[in-house]
Amino acid sequence: SHDGFEDDNGYSKPVPGSKYADQTYVFNTFGTRVLDNAWAGYHCCLFAYGQTGAGKSYSMVGYGKNKGIVPISCEEIFERIKNNGNPNLRFEVVISVVEIYNEVVQDLLVVPETRPKKGLDIRESKLLGIYI
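What you see is a predicted model, and the numbers here were worked out from it, not measured in a lab.

Side note on the packing of aromatic side chains
On inspection of all chains with the given rule, the structure shows 2 aromatic pairs. With a centroid separation of 4.9 Å and 40° between ring planes, the pair formed by Phe5 and Tyr20 is classed as tilted. With Phe5 in strand E1 (residues 5–8) and Tyr20 in the loop between strand E2 (11–14) and helix H1 (23–39), this residue pair connects regions lying 15 residues apart in the sequence. By relative accessible area, Tyr20 is classed as buried at 10%. With 5.6 Å between their ring centres and 20° between their planes, Trp39 and Phe91 make a pair best called stacked. With Trp39 in helix H1 and Phe91 in the loop between helix H3 (69–82) and strand E5 (98–101), this pair connects stretches of sequence that are 52 residues apart. Residue class for Trp39 comes out partly exposed when judged on its relative accessible area of 38%. Between the NZ or CZ atom of Arg80 and the centre of the ring of Trp39, over which it lies, the distance is 5.5 Å.

A closer look at the nonpolar core
Ranked by size, the top nonpolar core spans 6 residues in total: Val26, Phe27, Leu35, Ile69, Ile72 and Ile77. At the level of elements, H1 and H3 are the ones that each hand at least two residues to this core. Once you skip the residues sitting within four places of it in the chain, Val26 turns out to touch Ala21, Gly31 and Ile69.

Regarding the pattern of salt bridges
Using the criterion set out here, one finds 9 salt bridges in the structure. Between Glu6 and Lys13 there is a salt bridge, with its nearest N and O atoms 3.7 Å apart. By relative accessible area, Glu6 is classed as partly exposed at 35%. When its relative accessible area of 30% is taken as the criterion, Lys13 is described as partly exposed. One salt bridge connects Lys82 with Glu79, and the closest N-O pair in it is separated by 3.5 Å. Taken together, the positions of Lys82 and Glu79, both in helix H3 and 3 residues apart, correspond to about one turn of that helix.

Reading the values: the criteria
- Residues numbered from 1 in each chain as written.
- Predicted model: local features only at pLDDT ≥ 70, side-chain atom pairs only at ≥ 80, totals over all residues.
- Heavy atoms only, no water.
- Phe/Tyr/Trp six-rings, centres within 6.5 Å; stacked < 30°, edge-to-face > 60°.
- Helix = DSSP H or I, 4+ residues; strand = E, 2+ residues; numbered from the N terminus.
- Buried < 20%, exposed > 50% of the residue type's maximum accessible area, 1.4 Å probe, protein only.
- Lys NZ or Arg CZ within 6 Å of the ring centre and 35° of its normal.
- Core = buried A, V, L, I, M, F, W, Y, C linked by side-chain atoms within 4.5 Å.
- Contact = heavy atoms within 4.5 Å.
- Salt bridge = Lys/Arg side-chain N within 4 Å of Asp/Glu carboxyl O.

The following block contains the structure:
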């Protein structure tokens, strides 16, 4: 919702009794579950779907002090790694940021001018499953 919030020094927080979901609420509701499952060793994906202007990018990335699920999750991942007490554990963090638009998959970590026009190929492997 685009109403029911107030500015708190640059952070958009809900007005009591409103239906506004701030970034903290969205992360605590969805992001922590995905992150906890990833931490348990599962491959995880967070998928945002909806019409233009619905708030997908805002929820995922955020803006200014209103960090989205992705930057909050990244901070939490590295905080968990830092606080790990087991010297025998090794961590590897891999992230992909892709967009599916008009049935074309694009890697958002590649500069737009150098992305393949046809997008990325979607493949399937008996061992790996579906991947790009």
